[in-house]
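Structural overview
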Amino acid sequence: MFRAIADVLRQIGAALATVVTLPFRALARLFGGASRSGRRGGGRVRRPGRTRRV
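Residues numbered from 1 in each chain as written. Predicted model: local features only at pLDDT ≥ 70, side-chain atom pairs only at ≥ 80, totals over all residues. Heavy atoms only, no water.

1. Description of the overall build of the protein chain
A tally of regular secondary structure across the protein chain gives one helix and zero strands. Counting only residues that meet the buried cut, the protein chain has 2% of its 54 residues in that class. When the accessible surface of the protein chain is summed, it comes to about 5600 Å², and 63% of that surface belongs to carbon and sulfur atoms. (Helix = DSSP H or I, 4+ residues; strand = E, 2+ residues; numbered from the N terminus. Buried < 20%, exposed > 50% of the residue type's maximum accessible area, 1.4 Å probe, protein only. Areas by Shrake-Rupley, 256 points an atom, 1.4 Å probe, with all protein chains shown as cover.)

Here is the structure:
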């Protein structure tokens, strides 16, 4: 029984951590993308070797 309660609390904690970190991830992506494009002097450049596999 305690194990089930611990599992539920663990899942709630993981969901809460995801919700809390989402805005910070978005900001990091926004500023990281801006600084990367500023250094390269252009928009997003697709790197060779990063092709999509279907």
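2. A closer look at the pattern of salt bridges
The final tally for this structure, using the stated rule, is one salt bridge. The closest approach of N and O atoms between Asp 7 and Arg 10, which form a salt bridge, is 2.8 Å. Placement of both Asp 7 and Arg 10 in helix H1 (residues 2-40) is noted, with a separation of three residues, approximately one turn of the helix. For Asp 7, a relative accessible area of 34% puts it in the partly exposed group. (Salt bridge = Lys/Arg side-chain N within 4 Å of Asp/Glu carboxyl O.)

Everything listed is a geometric property; what it means functionally is a separate question.
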